[in-house]
Every structure is written in C-alpha cells, then in structure tokens.
Amino acid sequence: MTAVLLFALLLCLTGCGSAGQPETDEAPAYLVAVTAGETSGSGILYQQDDAYLYVLTAAHVVSCMNPGTEAVLRFFDGQELSCGDIRISEVSDLALIRIPADRISERQRNACLCVPSDKESFDRLQTGDGCTAIGLHAESGALRHEGHILEPWIYMEDYGQYMIWADAEVRPGMSGGGLLDQEGRLIGILSGGSQDGELAAVPLSLILQFMEDMDCASR
C-alpha cells in the first residue's frame, strides 16, 4: 500500500508503473481522453441531462491548468471539444467537467452512453472481488487491466480520505479513468498506482457525495 501512495500524484504525468502490457480493445462509449495543458489523463461520462454532459476525472489531471485555459476532451469516436467549466473537489481527488448540451450534436449525445453504476452493488464489494481498471489514452486508445480488490474501503493518509485499494495495474494516461466491478459497473475513479501493480481509486460513495455537493452548489 505504501508504494501506491508514493506514486499517487505521478499517474497522469508519467503513468503508474506496469510490469506487463495492458489489454486494448474498442473504447466503451463512456470513455474520454482528457488533455489539460501538459497533463494527459482519462475521464468517464457519468451522466447527462438537458443542460449538460457530465465528465468525471481525477482532480490532479486538471488542477495544474493555467487560469482561463480549457481542457480538451477526445471522445471514444475521435471527436474533440474544449471545455473550461471544471469543478474540483476540496476533499477528494475528483473533478467534474460540465459540457453544455448545446455544444454537442444530437447524434453525439445519443452515442455517448454514460457508465453504469449501482450503490447497492458497490456496498457489497469484498476483498478478492474481481475488478477492471480502464482508461482512454489520447494516442494509445483504450487501456484495460484486470485485477482484484485488496480492500474496498481503506483510509490512506497521503490522500486524507478512504479509497479502494486493488491489485489491477494501470498505465500512463489512465488517471481519471474508471475502476469497474465484475459486471462492468463504475466503483471508483483511478487516482494513483505503483510499480508493484497496485492502485488507489476514489470510491463510488465519495463520487455520489461529490455530485450531490456540486448539484447543491449550482442551485
């Protein structure tokens, strides 16, 4: 676990160490590549409504942007757009990018399916359950690693919060991508990893709290 923490802030810049090659395949429609200045990472299409398409990523992917600049999002189908409406959590490694609905074509909105998630399934996670780390690198395409949960809810001092700890490997560009359960449901946002093939992810319960806080703040 110590190694995970040591590499927590390097994931988006130099990538988490990996002993093997990741599986690559067609990118799911909920994956986004995020470029914020000189930093590259991934994002997850979390939900959409009549006003916005909401993309989740890790806060450290976008926190080093210069004031007034915009992040560039590349969707699974190669389309790109820039966006500067970014909200960063004050308590966890999470950020929310809000894309105005009028900047997205109806065809693209219909194609950008949001990631499935389920709080009750998340609450049942146990040590040993299978999981998948997934991201979308701007150049390499979709990246995926299979693994297992080491601890579904563990306090990590370097983050100052509870995290999911897993043995799934991650690669450069996957920071801000998703950690999925065995059924392909989102259980966390990738935050840090190590050369030993371990990772830390912000748990779904904290994601739900963050989204609730953002909703209240926008009212």
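That block above? That's the structure.
Okay, so let's go over this structure. It should be emphasised that the depicted structure is a prediction, and the values quoted were computed from it without experimental measurement.

So, how was this worked out
Residues numbered from 1 in each chain as written. Predicted model: local features only at pLDDT ≥ 70, side-chain atom pairs only at ≥ 80, totals over all residues. Heavy atoms only, no water. Helix = DSSP H or I, 4+ residues; strand = E, 2+ residues; numbered from the N terminus. Buried < 20%, exposed > 50% of the residue type's maximum accessible area, 1.4 Å probe, protein only. Contact = heavy atoms within 4.5 Å. Areas by Shrake-Rupley, 256 points an atom, 1.4 Å probe, with all protein chains shown as cover. Pairing = 2+ DSSP bridges. Axes fitted to C-alpha atoms, helices over the stretch in contact; angles between N-to-C directions.

1. Overview of the overall build of the chain
In step 1: A count of helical and extended segments in the chain gives five helices and 13 strands.
In step 2: In the chain, which comprises 219 residues, the proportion classed as buried is 53%.
In step 3: Long-range contacts, defined here as pairs at least 24 residues apart, represent 66% of the contacts in the chain between residues at least 6 apart.
In step 4: Total accessible area on the chain stands at roughly 9,900 Å², and carbon and sulfur atoms take up 45% of it.

2. What to know about the sheet that holds strand β12 (residues 186-193)
In step 1: With respect to topology, six strands assemble into a closed barrel ordered β8-β9-β10-β13-β12-β11, the strand pairing being antiparallel. Each adjacent strand pair in this sheet contributes to an overall mean axis angle of 45 degrees, direction not counted.
In step 2: Relative to strand β9 (residues 141-156), strand β8 (residues 130-137) is paired through eight bridges, and the arrangement is antiparallel. Pairing of Ile-134 across the sheet is with Arg-144, part of β9.

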